[in-house]
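Reading the structure
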Number of protein chains: 2
Amino acid sequence: MDIVEISKVLANKTRVDILKWLKNPEENFPPHQDIDHFDDGVCVGFIQDKAGLSQSTISTYLNSMQNADLLIPTRHGKWTYYRRNEEVINAYVNTLKDKL
Amino acid sequence: MDIVEISKVLANKTRVDILKWLKNPEENFPPHQDIDHFDDGVCVGFIQDKAGLSQSTISTYLNSMQNADLLIPTRHGKWTYYRRNEEVINAYVNTLKDKL
DNA sequence: TAAACATATCTAATTTTTTCGATATATCGA
DNA sequence: TCGATATATCGAAAAAATTAGATATGTTTA
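These lines cover the structure that appears in this document, whether it is placed above or below. (Residues numbered from 1 in each chain as written. Chains lettered and ligands numbered in written order. Predicted model: local features only at pLDDT ≥ 70, side-chain atom pairs only at ≥ 80, totals over all residues.)

**Some remarks on the protein's contact with DNA strand D**
Near DNA strand D you find 24 residues, and of these A:Ser54, A:Ser56, A:Gly77, B:Gly45 and B:Ser56 are the closest. No other element matches helix H5 (residues 55-67) of chain B, which puts 6 residues into the surface near DNA strand D. For the surface near DNA strand D, the residue count by class is 7 nonpolar, 14 polar and 3 charged. (Near = placed C-beta within 6 Å. Helix = DSSP H or I, 4+ residues; strand = E, 2+ residues; numbered from the N terminus. Nonpolar A, V, L, I, M, F, W, Y, C, P; charged D, E, K, R; others polar.)

The structure is reproduced here in structure tokens:
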């Protein structure tokens, strides 16, 4: 849990938005077709549509968020679903509260 | 209280260190000569010595932290003392806990 | 097996951040 | 008032982040 690395993720409005959207996928995204509900998160395409940036940019963002352990990817067939890593997100906020 | 702007401040180890050091000035800095105690914070020179970066870099850092409302400057004669803005720091952490 | 599709990776241009030395400004002390 | 001291600001070079288009990879389906 690296404060600086996670803060870098949060130093960008789109990435913060993605984290917020993934908190309530039902409210923020249309339902998936091939997967029940949002248990494994949201597919890249939906996130891209909502963010309005290019596919490669969103993929890069999601990758950086995964590297910071903020998101967990799950592959289902040709789709990758991303969901929040609540443990790390909580650990980050608690560390800030404590140490910062 | 801008999440992205504050996160940019925290996206750098030295700036995070400065915030931590200022939490306990007595432990982290030598006593000031011309001012009792650390009520108004710590002078730039001490922070610079501890951080080991150039004077202009530290001044730039402190300025960006002040712009993000994380630090409060007080001028005494030729010295500027910086202290933490605990309200904004707490508001930031609480906002993350709530909204993120 | 080939085409279509979803996502990832590569390459590169642009923008932003980092960092410093030089200089400016403000204050103090002789 | 002049020189020394503390901090701020300016200008510029180097490094990192942003972003997109092109291409690669892996998966599904006709």
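**Section: the interface of chain B and chain A**
Taken together, the 17 residues of chain B in the interface contact 17 residues of chain A. Secondary-structure elements contributing two or more residues to the side of chain B that touches chain A are helix H1 (3-10), helix H2 (13-23) and helix H6 (86-99) of chain B. Split into classes, the residues belonging to the side of chain B that touches chain A amount to 10 nonpolar, 2 polar and 5 charged. (Contact = placed C-beta atoms within 7 Å.)

**Notes on the relation of the copies chain B and chain A**
Its rotation angle being 180°, the transformation that places chain B on chain A also includes 0.0 Å of axial translation and leaves an RMSD of 0.0 Å. On the angle and the small slide along the axis, the relation comes out as a two-fold axis. Among all residues of chain B, the one whose C-alpha sits closest to the rotation axis is B:Ser7, at a distance of 2.6 Å. A high fraction, 100%, of the interface residues of chain B reappear at the interface in chain A, so the copies pair face to face through one surface. (Least-squares fit on C-alpha atoms with pLDDT ≥ 70 in both.)

**Topic: the packing of helix H4 (residues 44-51) of chain A against helix H5 (residues 55-67) of chain A**
Residue and element names in this part refer to chain A. Two numbers describe how H4 lies on H5: the axes approach to 10 Å, and their chain directions differ by 115°. One way to sum up the angle between H4 and H5 is to call them roughly perpendicular. Where H4 crosses over H5, the two elements pack in a sense that is right-handed. Contacts from Val44, Ile47, Gln48 and Ala51 of H4 reach H5 at Gln55, Ile58, Ser59 and Leu62. (Axes fitted to C-alpha atoms, helices over the stretch in contact; angles between N-to-C directions. Parallel < 35°, antiparallel > 145°, perpendicular 65-115°, else oblique. Left-handed = near helix turned anticlockwise from the far one by under 90°.)

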